[in-house]
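Examining the three-dimensional arrangement
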Amino acid sequence: MQKLLIVTAGLMLMAASPTLAAGPSLSVSGTTLQIDGRAGFLLGVSLFDALGPTPPRDQDLDALKAWGSVIVRVWAHWRQPIYGADGALTASGRARLLALSERLGARGLILELVLLRPGQLAGQPYALFASPEARLRAIDSITLALRDSRHVLFDLYNEHDHPDGPISHAELRVMRDRVKAADPQRIVTVSSTGNHLMTPDGRIGPEEARNLAEEAGTTAPAVAADVVGVHFPRTDDWAASTATRVGAMRAALDRLGRRLPIYLNEEQRADRKMPMPPEVYLRAASGARQAGAAGWLLHTDAGYDLARKPFIEALMPTERTALEQLRRP
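The numbering scheme is per chain: residues are counted from 1 as the chain's sequence reads. Residue-level local features of this predicted model are given only where pLDDT is at least 70; pairs of side-chain atoms are given and counted only at 80 or more, and the full residue set underlies all totals for whole chains, interfaces and linings. To obtain the side-chain values, all non-hydrogen atoms of the structure were used and water was disregarded.

Describing the packing of helix α6 (residues 206-216) against helix α7 (residues 238-256)
Only the stretch in contact is used when a helix axis is fitted, and all axes are lines through C-alpha atoms; the angle between N-to-C directions ranges over 0 to 180 degrees. For the purposes of this entry, the term helix denotes a DSSP run of H or I that reaches at least four residues, the term strand denotes a run of E that reaches at least two, and both are numbered from the N terminus. Viewed as axis vectors pointing N to C, α6 and α7 meet at an angle of 65 degrees, and their least axial separation amounts to 10 Å. Crossing angle aside, the handedness with which α6 passes α7 is right-handed. Of the residues in α7, those touching α6 at L212, A213 and A216 are M249, A252, L253 and L256. What makes a crossing left-handed is the near helix being turned counterclockwise from the far one by less than a right angle; a clockwise turn instead makes it right-handed. Pairs of residues are marked as contacts when any of their non-hydrogen atoms sit within 4.5 Å.

Written as structure tokens, this is what we have:
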């Protein structure tokens with residue numbers, strides 16, 4: 001009888017435990033990002049606050065899916081982090097993370113998760129972690145929590161050279177190796193500020209080439225990223241220059257012998273006092289596609305504070321029009 005009760009209780013516990021939706025499977029093949037083995041140009045949008053206490057509404061995610069977006073870029077620490085000072089996921093943070101992953105996976109959407117932000121340690125403008133070990137523990141905690149979710153791309157550290165709290169490529173390699181030790185198949189990138197990999201006039205000089213080699217290279221202390229997550233310079237001609245910039249980046253990677261996907265995950269964002277016409281976004285995305293980039297995100301502040309206003313309602317009309325039209329060839 002006791003054994004029966006134990007088995008019954010175990011089955012009830014399993015039934016009560018949440019299970020993640022299978023979702024699509026993200027992979028890398030040569031210079032492309034693939035979803036369920038199919039290559040394509042992956043469009044998306046920034047939705048930084050999606051792991052905050054106020055999640056995006058179903059109608060927000062459904063609209064993105066209908067508009068052809070397949071990736072949303074979210075921060076683990078935007079307004080309220082999902083981990084604590086010791087690096088462990090908080091109970092609420094873990095619940096928010098698994099819920100968002102499941103909701104996106106159920107819609108066939110990819111989650112790009114920014115694990116860390118500049119200023120966590122080394123001065124800590126965004127004070128949080130109790131120690132460098134706690135920061136690594138946060139990476140471990142997230143990696144283990146999402147080990148069965150194959151529709152998640154990790155950006156180890158947003159703009160790792162940002163003056164809020166830069167971090168070296170050698171430190172990033174340690175973080176990358178922590179992810180790969182727990183989940184060898186997890187796709188990892190790291191992003192940098194606009195002038196880290198390219199000069200404002202679109203050149204990849206010796207310093208930029210060295211930075212690229214230390215992100216894309218495989219020999220430590222290089223990061224050995226699976227994807228080049230580039231933030232190009234935010235110049236006035238950013239959209240018109242997108243194709244040329246992607247071409248220059250591809251040529252530099254070819255010289256390194258690294259045929260990796262180029263993913264533009266944080267391009268120019270409109271000022272609310274001066275919206276950009278939809279044609280500007282469309283030109284940038286089209287240029288990225290034609291030059292062979294793997295994906296492009298529309299960067300917007302509409303997802304910066306979901307408690308204040310839902311994502312779709314916070315979009316500027318020009319941004320919404322662009323999102324509705326981006327899927328066209």
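With respect to the sheet that holds strand β3 (residues 38-39)
The pairing of strands in a sheet comes from backbone hydrogen bonds and takes either a parallel or an antiparallel form. Strand pairing requires that DSSP identify at least two bridges connecting the strands. Spatial ordering of the open sheet is given by β1-β2-β3, a layout of 3 strands whose pairing is antiparallel. Whereas interior strands pair on both sides, the edge strands pair on one side only; in this sheet they are β1 (26-29) and β3.

A closer look at the pattern of salt bridges
The working definition used for a salt bridge is a side-chain nitrogen of Lys or Arg within 4 Å of a carboxyl oxygen of Asp or Glu. Inspection of every chain in the model, using the stated rule, returns 23 salt bridges. Among the ionic pairs, E171 bridges to R135, the shortest N-O distance being 3.8 Å. Taken together, the residues span a long stretch of sequence, with E171 in helix α5 (residues 169-182) and R135 in helix α4 (residues 132-145) at a distance of 36 residues. Note on exposure labels: buried denotes an accessible area under 20% of the residue type's maximum, exposed denotes more than 50%, and partly exposed covers the range between, all computed with a 1.4 Å probe on protein chains only. Residue classification places E171 among the partly exposed residues on the basis of a relative accessible area of 37%.

Things to note about the side chain of T189
Among the secondary structure elements, T189 is positioned in strand β8 (residues 187-189). Not counting chain neighbours up to four residues away, the residues in contact with T189 comprise L153, F154, D155, L156, A225, V227, V228 and G229.

Regarding the packing of aromatic side chains
Here the aromatic set is Phe, Tyr and Trp, taking the six-membered ring for Trp, and pairing holds for ring centres within 6.5 Å; pairs whose planes are under 30 degrees apart are stacked, those over 60 apart are edge-to-face, and all others are tilted. Per the counting criterion, the structure on display carries 6 aromatic pairs. The interplanar angle of 70 degrees and the centroid separation of 5.0 Å between the aromatic rings of F48 and W78 together place this pair among those described as edge-to-face. Highlighted residues: F48 in the loop between β4 (42-46) and α2 (58-66) and W78 in the loop between β5 (71-75) and α3 (91-106), separated in sequence by 30 residues. This pair shows no difference in class: F48 is buried, exactly as W78 is. Each ring, one from W75 and one from W78, has its centre 4.9 Å from the other, and the planes form 80 degrees; the classification is edge-to-face. A relative accessible area of 18% places W78 in the buried class. Linked through ring pairs, F48, W75, W78 and Y304 together constitute an aromatic cluster. We call a charge positioned above a ring when the Lys NZ or Arg CZ atom is no farther than 6 Å from the ring centre and deviates by at most 35 degrees from the ring normal. Positioned above the aromatic ring of F154, the side-chain terminus of R186 is 5.1 Å from the ring centre.

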